[in-house]
Amino acid sequence: MDSQVRELQGSDVNEILGVWNAALARDPTTISRLCTWLFGDPNFSTGGATHSGIFVAHRGDRVVGFSRAVVRRVPNEGLGMESQLGFVPVMAVHPDSQRQGVGTKLWNAMLNFFKTESRTKIWICGKTGSAPGYVFPGVDVEAYAGAIQFLNKMGCTADHSPVSMLGVLAQMDIPSQLSVANNDSRCLGVLVRDLSWQHVPSFMTFLNNSFPGDWVTAARGKVASGSLSDVLVALQNNSVIGYCQWEGEHFGPFGVNEEYRSKGVGSKLFLEAAMRIMQRDGRSIWFNWADDAAARFYARHGMRAFRTFSIMTYNISPAQPLSVVPEIAPTTTISPGKKLHVLVIGAHIGDAEISGGLLATKYAQAGHRVTILHMTAGEKGNPKMDDQAYRAQRIKEANASAAIMGAEKCIVLDYKDGELQPELATYTNVCALVRDLKPDVILTHWRGSFHRDHRATYQSVMEGSFLAALPAIKGAHPAHLVRGLYYLENWEDLEDYHPDMWVSISDRVFDTWVAACEAHQLLRGDVSFAYLQYYKGLAAKRGAEVGKKYAVTVSLPPISRKRCVEMLPVEEEPVLIF
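Being a predicted model, the structure only gives us computed values, none of them experimental.

S.K.: What is the right way to look at the overall build of the protein in this model?
M.R.: Across its full length, the protein carries 15 helices and 21 strands. Taking 25 Å as the expected radius of gyration for a compact globule of 578 residues, we find that the protein reaches 26 Å, a close match to that expectation. A principal-axis box enclosing the C-alpha atoms of the protein has dimensions of 80 × 65 × 55 Å. Across the protein, the centroid of the 57 positively charged side chains sits 2 Å from that of the 58 negatively charged ones.

S.K.: I would appreciate a short explanation of the packing of aromatic side chains in the present structure.
M.R.: Any aromatic ring pair is given by two values, namely how distant the centres are and how the planes are angled relative to each other. Tallied over the entire structure, the rule returns 31 aromatic pairs. Consider the rings of Trp 20 and Phe 66, whose centres lie 6.1 Å apart with planes at 10°: the pair is stacked. Pair noted here: Trp 20 is in helix H1 (residues 13-23) and Phe 66 is in strand S3 (residues 62-70), with a separation of 46 residues, a long-range link. There is no split in this pair, since Trp 20 and Phe 66 are both buried. Taken together, the ring pairs connect Phe 251, Phe 254, Phe 270, Phe 287, Phe 297 and Tyr 298 into an aromatic cluster. Sitting over the ring of Trp 37, Arg 68 keeps its end group 5.1 Å from the ring centre.

S.K.: How do you make sense of the state of the cysteines when you look at a structure like this?
M.R.: What is meant by a disulfide is a covalent connection between two cysteines, made through their sulfur atoms. One pass over the structure, following the stated rule, counts zero disulfides. Not engaged in a disulfide, the cysteine Cys 410 finds its nearest cysteine sulfur in Cys 517; these two sulfurs lie 13 Å apart.

S.K.: Help me understand empty space enclosed by the protein in this model?
M.R.: Here the idea is plain: a probe the size of a water molecule rolls over the atoms and shows the empty space left. If you walk through the whole model with that rule in mind, you get four cavities of 30 Å³ or more. Empty space within the largest cavity amounts to approximately 110 Å³. Ser 355, Leu 358, Tyr 535, Leu 538 and Val 552 are, among the 13 residues lining the largest cavity, the residues nearest its centre. Considered class by class, the residues forming the lining of the largest cavity number eight nonpolar, three polar and two charged.

S.K.: What exactly am I supposed to notice about the nonpolar core here?
M.R.: Most often, soluble globular proteins have nonpolar side chains that are buried together. Counting 88 residues, the largest nonpolar core has Trp 20, Trp 107, Phe 114, Ile 124, Ile 372 and Trp 513 as the members making the most contacts within it. It is helix H3 (residues 102-116) that provides the largest number of residues to this core, a total of eight residues. Once residues lying within four places of it in the same chain are set aside, the contact partners of Ile 124 are Val 88, Trp 107, Val 139, Leu 151, Cys 156, Ile 311 and Met 312. With 33 residues, the next largest nonpolar core counts Ala 234, Trp 246, Leu 271 and Ile 277 among its residues.

S.K.: Mind showing me how you'd approach the packing of helix H10 (residues 351-365) against helix H15 (residues 531-545) here?
M.R.: Two numbers describe a pair of packed helices, the interaxial angle and the distance between the axes. Packing of H10 against H15 brings their axes to within 10 Å, and their N-to-C directions diverge by 40°. By the angle class used here, H10 and H15 are oblique. As for the relative orientation of H10 and H15, their crossing is right-handed in sense. Listed contacts from H15 to Ile 354, Ser 355 and Leu 358 of H10 are Tyr 531, Leu 532, Tyr 535 and Ala 539. Each residue belonging to the contact of H10 with H15 can be placed in one class, and the counts come to six nonpolar, one polar and no charged.

S.K.: Quick question: what am I supposed to make of the environment of Ile 411 here?
M.R.: Its place among the elements puts Ile 411 in strand S17 (residues 409-415). With 12 residues separating them along the chain, Ile 411 and Asn 399 place their C-alpha atoms 8.6 Å apart. Sequence-distant contacts of Ile 411, that is, excluding residues within four places in its chain, are made with Thr 371, Ile 372, Leu 373, His 374 and Leu 437.

S.K.: What am I meant to see in the packing of helix H5 (residues 174-182) against helix H8 (residues 265-279) here?
M.R.: Contact geometry for H5 and H8: axes closest at 9 Å, N-to-C directions at 145°. Relative to H8, the crossing made by H5 is left-handed. Of the residues in H8, those touching H5 at Ile 174, Pro 175, Gln 177, Leu 178, Ala 181 and Asn 182 are Ser 267, Lys 268, Leu 271, Glu 272, Ala 274, Met 275 and Met 278. Here the residues of the contact of H5 with H8 are counted per class, giving eight nonpolar, three polar and two charged.

S.K.: Can you walk me through the environment of Ala 540 in this structure?
M.R.: Relative to the helices and strands, Ala 540 resides in helix H15. Using a relative accessible area of 32% as the deciding quantity, one classes Ala 540 as partly exposed. Each C-alpha atom, one on Ala 540 and one on Ala 551, is 6.7 Å from the other, the two residues being 11 residues apart in sequence. When near neighbours in sequence (up to four residues on either side) are disregarded, Ala 540 contacts Lys 549 and Tyr 550.

S.K.: Even after reading the chapter, I still don't get the confidence of the model for the protein, so can you show me in this structure?
M.R.: When the pLDDT values of the protein are averaged, the result is 90; 92% of them are 70 or greater. Note on residues 573-578: pLDDT under 50 across the span, and one contact to partners over four residues away in sequence or across chains.

S.K.: Help me understand the pattern of salt bridges, please; the structure alone is not making it clear to me.
M.R.: A side chain with one charge can pair with a side chain of the opposite charge if their charged atoms come near. This structure, assessed with the given rule, holds 27 salt bridges. Linking Arg 280 and Asp 230 is a salt bridge whose minimum nitrogen-to-oxygen distance equals 2.6 Å. Here Asp 230 lies in the loop between helix H7 (214-225) and strand S10 (231-236) and Arg 280 lies in the loop between H8 and strand S13 (284-290), a separation of 50 residues in the sequence. The class for Arg 280 is partly exposed, based on a relative accessible area of 45%. Owing to a relative accessible area of 12%, Asp 230 belongs among the buried residues under this scheme. Asp 507 serves as the salt-bridge partner of Lys 549, at 3.2 Å between the closest nitrogen and oxygen. A residue pair is termed long-range when its members are at least 10 positions apart, and Lys 549 in the loop between H15 and strand S21 (550-555) and Asp 507 in helix H14 (residues 507-517) qualify at 42 residues. Look at Lys 549 and you get exposed, because its relative accessible area is 53%. Among the charged side chains, a salt-bridge network with shared partners connects Arg 26, Asp 27, Asp 140 and Arg 307.

Thresholds, definitions, all that
Residues numbered from 1 in each chain as written. Predicted model: local features only at pLDDT ≥ 70, side-chain atom pairs only at ≥ 80, totals over all residues. Heavy atoms only, no water. Helix = DSSP H or I, 4+ residues; strand = E, 2+ residues; numbered from the N terminus. Rg over C-alpha atoms; globule rule 2.2 N^0.38 Å. Lys, Arg positive; Asp, Glu negative; His and termini not counted. Charge placed at Lys NZ, Arg CZ, Asp CG, Glu CD. Phe/Tyr/Trp six-rings, centres within 6.5 Å; stacked < 30°, edge-to-face > 60°. Buried < 20%, exposed > 50% of the residue type's maximum accessible area, 1.4 Å probe, protein only. Lys NZ or Arg CZ within 6 Å of the ring centre and 35° of its normal. Disulfide = S-S within 2.5 Å. 1 Å grid on protein atoms, 1.4 Å probe; cavity = no way out; pocket = protein on both sides within 12 Å on 5 of 7 lines; lining within 4 Å. Points joined across faces, edges and corners; volume = space filled by probe spheres on them. Nonpolar A, V, L, I, M, F, W, Y, C, P; charged D, E, K, R; others polar. Core = buried A, V, L, I, M, F, W, Y, C linked by side-chain atoms within 4.5 Å. Contact = heavy atoms within 4.5 Å. Axes fitted to C-alpha atoms, helices over the stretch in contact; angles between N-to-C directions. Parallel < 35°, antiparallel > 145°, perpendicular 65-115°, else oblique. Left-handed = near helix turned anticlockwise from the far one by under 90°. pLDDT = per-residue confidence, 0-100. Salt bridge = Lys/Arg side-chain N within 4 Å of Asp/Glu carboxyl O.

Take a look at the structure:
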């Protein structure tokens, strides 16, 4: 029976609960919490379900999915009605009904709703300072990787990747850290105090000026409940310049006036709050949502990330019909209807993403199949972590990153970091993988590298692909000829690297790739080299060379650079003469 979509009825809530707990298994809820979230939200319309934005997919009498589209019915403090924005805090389809068109129908119902509300930009879950109907900071890249792939297919773009973090207070040495913070010469004149009633007016003014939006609402809730002992303020000459609040062991929101950041004020506030939580017999400190800069701050104080999310956006064109999902235009160099399989092979986790990720994302967003293959996990790349622990972390990061890019597979082989051997056994293994995966295109390392694993990967891919094409070499799968082999531009592989092609990159592809790279601690620059900073600049540089905002280059096998033409291609390939 085909599924149908209608708006919420009161009798649906128990079945919605069943769908929620089956589809969102990492985040189970109760009927009380569900109904409070649905009906207690001030943005839930009291005009009836017709305008609620809550949609239910059903087959006969059975609910198989639901989604919620939110527009503000009450203003966001300091930001108003945000009349161009819509939000999708939750969408879920029962596991036994996934990949059957249910999600697409729910998505289209929400788009039509947003269209009637004249919305032009949709935030998946929410954005910093504005998350009506809040449940999650974004889509959990590990637990709900399939949802990210679905949203990519619908045309959503990754915006950034916040994290949830946790600290075990007994392991963070809070007293020592607090002593150092209180003696920081940069902020000796700043006092950290409990919020008092005499400071409430200036406190609310500070929030409206510095942090308009949902944080004002959260702080107002503390004031309304009289829980001033759960709020600290930083005072400079009796003026509020920063604050933090908490409830039990749940920390936040927390912010410092921009003028006083990077001067030790944040450390004073955070560590004093952690000490108060310890004094009330707290064992840990945690929160759900920290963006990149904030996450680095908390990590310096001993907290660690335990979940990574992807916040995504979708832009609605006023002229865009919303009854169907827009199709992605095929790449101009590919015959209409032809879908390629692109295989990106890196020596370590991170290599494929940072040097081949822009192309992988571009092809995935154009509807092609993408597989990411890592020869090693790169487990020896963090001197502060045990090899096995870092390997486990990197594999999680690789899976999360691949999902954001839209790859259908992420494969990590068992070769040891730094010990990859360019030998027959490796070639045979690559041969078997190429025959099994049947890629049309392979993207990999160039041979001119100072890293032995990169050189070994180049050699193994060359030899393995050659063996894979020979019918006389017998194996579990028939011979397969790779139609295109390209070498990627990598800062470690630049000896004799020769860029032969420039591929333009759109903003949407670029932003998704950045979010995918930010899923990696190493690529964010938190371990050693500032990888993402370098490659973002490289994409801009290569784009400028060909009159585009962003581009990437690839190198051809030397024999493939030879072309026979009847006439010089002046019209098709103009040469700029300066």
